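Okay, here's what each chain looks like letter by letter:
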Amino acid sequence: MERRQFLEGNTEDLITRRDKLRADHYRYYTDQKWGNSFNYHLCLDSSVFGIEKCVSIIEDAWKSMHQDS
């Protein structure tokens, strides 16, 4: 909120509008539904794993995908 200078009262509305724009953009260019985990190679819940563990998992996945390159 501080970085973007949002007022506390309208922050949720701004986030909701931004997410809708992202979803519309994604749907327009992919004909897929935003947020459907089936459309992604890797989905992690950082509230479960924590940021550092997510970073480690992503690094391991990237290394695994690019071993033969």
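Draft legend 1. Layout of the overall build of the protein. Per the secondary structure count, the protein includes three helices and zero strands. Secondary structure elements in the protein, listed N-terminal to C-terminal, are α-α-α. Within the protein, the proportion of its 69 residues that are buried is 6%. Working note: accessible area of the protein is about 6,800 Å², and carbon and sulfur atoms make up 52% of it.

Draft legend 2. Structural context of unusual backbone geometry. For Asp31, which is not glycine, the phi torsion reads 55 degrees and is therefore positive. The residue Asp31 is located in the loop between α1 (11-30) and α2 (46-49) in this model. Residue Asp31 is classed as exposed on the basis of its relative accessible area of 69%.

Draft legend 3. Representation of the pattern of salt bridges within the structure. Throughout the structure, instances matching the rule amount to three salt bridges. The residue Lys20 makes a salt bridge to Asp24 at a minimum N-O spacing of 3.0 Å. Taken together, the residues span about one helical turn, with Lys20 and Asp24 both in helix α1 at a distance of four residues. For Asp24, a relative accessible area of 28% translates into the label partly exposed. Linking Asp24 and Arg27 is a salt bridge whose minimum nitrogen-to-oxygen distance equals 3.2 Å. Here the residue Asp24 and the residue Arg27 both occupy positions in helix α1, the gap between them amounting to three residues, near one helical turn. Here the salt bridges do not stand alone but share partners, grouping Lys20, Asp24 and Arg27 into one network.

Draft legend 4. Main features of a nonpolar patch on the surface. A cluster of nonpolar side chains, namely Leu42, Leu44, Val48, Phe49 and Ile58, defines an oily patch on the protein surface of about 440 Å² accessible area. Topologically, Phe49 is positioned in helix α2.

About the criteria used
- Residues numbered from 1 in each chain as written.
- Predicted model: local features only at pLDDT ≥ 70, side-chain atom pairs only at ≥ 80, totals over all residues.
- Heavy atoms only, no water.
- Helix = DSSP H or I, 4+ residues; strand = E, 2+ residues; numbered from the N terminus.
- Buried < 20%, exposed > 50% of the residue type's maximum accessible area, 1.4 Å probe, protein only.
- Areas by Shrake-Rupley, 256 points an atom, 1.4 Å probe, with all protein chains shown as cover.
- Salt bridge = Lys/Arg side-chain N within 4 Å of Asp/Glu carboxyl O.
- Patch = residues over 30% accessible without salt bridge, like charges linked within 9 Å, V, L, I, M, F, W, Y side chains within 5 Å.

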